[in-house]
Amino acid sequence: MSDMARSEQRIGIVGVGLMGHGIAKNILKAGYALAFLDHPGNQPVEDLLAAGAVSCDSAREVAEKAQIIVLCVTGSPQVEAVLFDPEGVLEGLAPNAIVIDCSTSLPSSTASVAARVEQVGAHLVDAAMTRTPKEAEQGRLNLIVGASSAHFDRLRPLLESFAEVITHAGPVGAGHTLKLLHNYVSLGFSAVLAEATAASRRAGIDDNAFLEVLAKGGGGGVVLERLRPFIESNDPSGFRFSVANAHKDLGYYHAMTDELDTPQGVASAVASLYASVEDQAMAVPELIGLLELRGRKVWPASNAR
């Protein structure tokens with residue numbers, strides 16, 4: 001897409017938080033015009049304004065100024081509120097506009113939301129994100145997209161402005177389904193590694209030896225490398241994802257697997273661990289220190305949701 005074509009394509013974003021700020025910055029960097037919702041949950045936006053972004057007082061106003069609207073909010077309740085509350089996005093959508101939902105949401109909610117958006121002549125796709133705020137700022141997110149082939153092709157140049165790996169998962173809802181599967185695996189590995197690290201330290205094993213054995217064997221991979229800075233030096237920055245978000249995502253995973261009628265025994269144990277943490281603002285790597293202090297405990301399945 002040429003620079004002129006980008007400058008003529010108007011993009012809106014609702015949710016300029018830890019992830020959304022990086023998305024907004026890279027959309028502007030790519031030459032698109034951008035409007036965003038002014039909101040107390042935003043990160044500082046002075047750099048976005050200096051780059052030409054326009055601040056709006058309502059989600060409706062964002063939609064009125066844009067042909068494509070990116071939602072970067074927490075989950076299904078927030079998506080529904082942003083879209084359907086008074087002064088919401090739905091009130092300002094133009095015909096054939098596209099809403100890109102980058103949240104982590106329940107697929108059945110996504111299907112319902114997409115149907116309501118279609119009723120006003122617009123469209124919704126899900127483009128769930130993986131990776132961290134660091135990669136968002138670098139324009140190197142991974143996206144899992146649920147969309148028709150036509151909408152995927154139309155959106156790809158925009159998505160490439162803030163994402164490094166873009167997977168077309170299938171029709172609307174497939175992106176959120178795969179994101180929940182991904183997060184369950186990632187958070188499950190994190191729980192296993194946190195418990196193993198606590199046990200290793202109780203046994204007097206040197207952290208460096210523990211990390212070397214796992215990295216060279218069956219424990220190697222992305223999750224270990226995200227937890228490594230905390231294991232080595234109590235630095236949680238490698239995985240800036242809160243226990244509260246983990247708890248929420250695992251709740252969505254349980255709801256989805258309930259609807260699919262699939263086994264969830266391991267998932268219940270993992271969810272119970274995250275649900276048992278009193279300080280839900282804690283970053284996931286900090287589970288290691290908590291488990292090291294707690295000692296042995298059985299996580300009740302009743303706490304899983």
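In the block above lies the structure referred to throughout.
None of the values given here were measured: they were computed from a predicted structure.

S.K.: Looking at this model, I keep getting lost on the nonpolar core. Mind explaining?
M.R.: Side chains of a nonpolar character, in soluble globular proteins, are inclined to be buried together. By size, the foremost hydrophobic cluster in this structure holds 35 residues, and its most contacted members are Ile100 and Phe162. The contacts of Ile100, once residues within four sequence positions are left out, are Ile68, Ile69, Val70, Leu71, Val125, Ala127, Leu155, Leu158 and Leu159. Listed in part, the 34 residues of the second largest apolar core include Val243, Leu273, Met282 and Leu287.

S.K.: Would you explain helix H12 (residues 222-233) in this entry?
M.R.: In an α-helix there are 3.6 residues to a turn, and that puts residues three or four apart on one side. Every buried residue belonging to H12 is among Val223, Leu224, Arg226, Leu227, Phe230 and Ile231, and all of these are buried. The buried residues of H12 occupy one face: seen down the axis, they fall within an arc of 160 degrees. Turned more than 90 degrees away from the buried face of H12, the exposed residues are Val222 and Ser233. Against the buried residues of H12 lie helix H10 (174-202), helix H11 (207-216) and helix H15 (287-294).

S.K.: Would you mind going over the environment of Lys25 with me for this structure?
M.R.: When you line up the elements, Lys25 lands in helix H2 (residues 20-29). Each C-alpha atom of the pair Lys25 and Gly139 lies 8.5 Å from the other, and the pair is 114 residues apart in sequence. Not counting residues up to four positions away in its chain, the partners in contact with Lys25 are Asp47, Leu48 and Glu137. Of note is the side chain of Lys25, whose polar atom sits 2.9 Å from the side chain of Glu137.

S.K.: Whenever I open this one, H11 confuses me. Can you help?
M.R.: Among all positions of H11, only Asp207, Phe210, Leu211 and Leu214 are buried. Projected onto a plane normal to the axis of H11, the buried residues spread over an arc of 95 degrees and lie on a single side. In H11, the exposed positions that point more than 90 degrees away from the buried face belong to Asn208, Glu212, Val213 and Lys216. Against the buried residues of H11 lie H10 and H12. Where H11 begins, one side-chain oxygen reaches toward the backbone nitrogen of Asn208, 2.9 Å away; that side chain belongs to Asp206.

Each value, and the rule that gives it
Residues numbered from 1 in each chain as written. Predicted model: local features only at pLDDT ≥ 70, side-chain atom pairs only at ≥ 80, totals over all residues. Heavy atoms only, no water. Core = buried A, V, L, I, M, F, W, Y, C linked by side-chain atoms within 4.5 Å. Buried < 20%, exposed > 50% of the residue type's maximum accessible area, 1.4 Å probe, protein only. Contact = heavy atoms within 4.5 Å. Helix = DSSP H or I, 4+ residues; strand = E, 2+ residues; numbered from the N terminus. Arc of directions from axis to C-beta. Polar contact = N/O pair within 3.5 Å; in protein donor to acceptor, adjacent residues only side chain to side chain.

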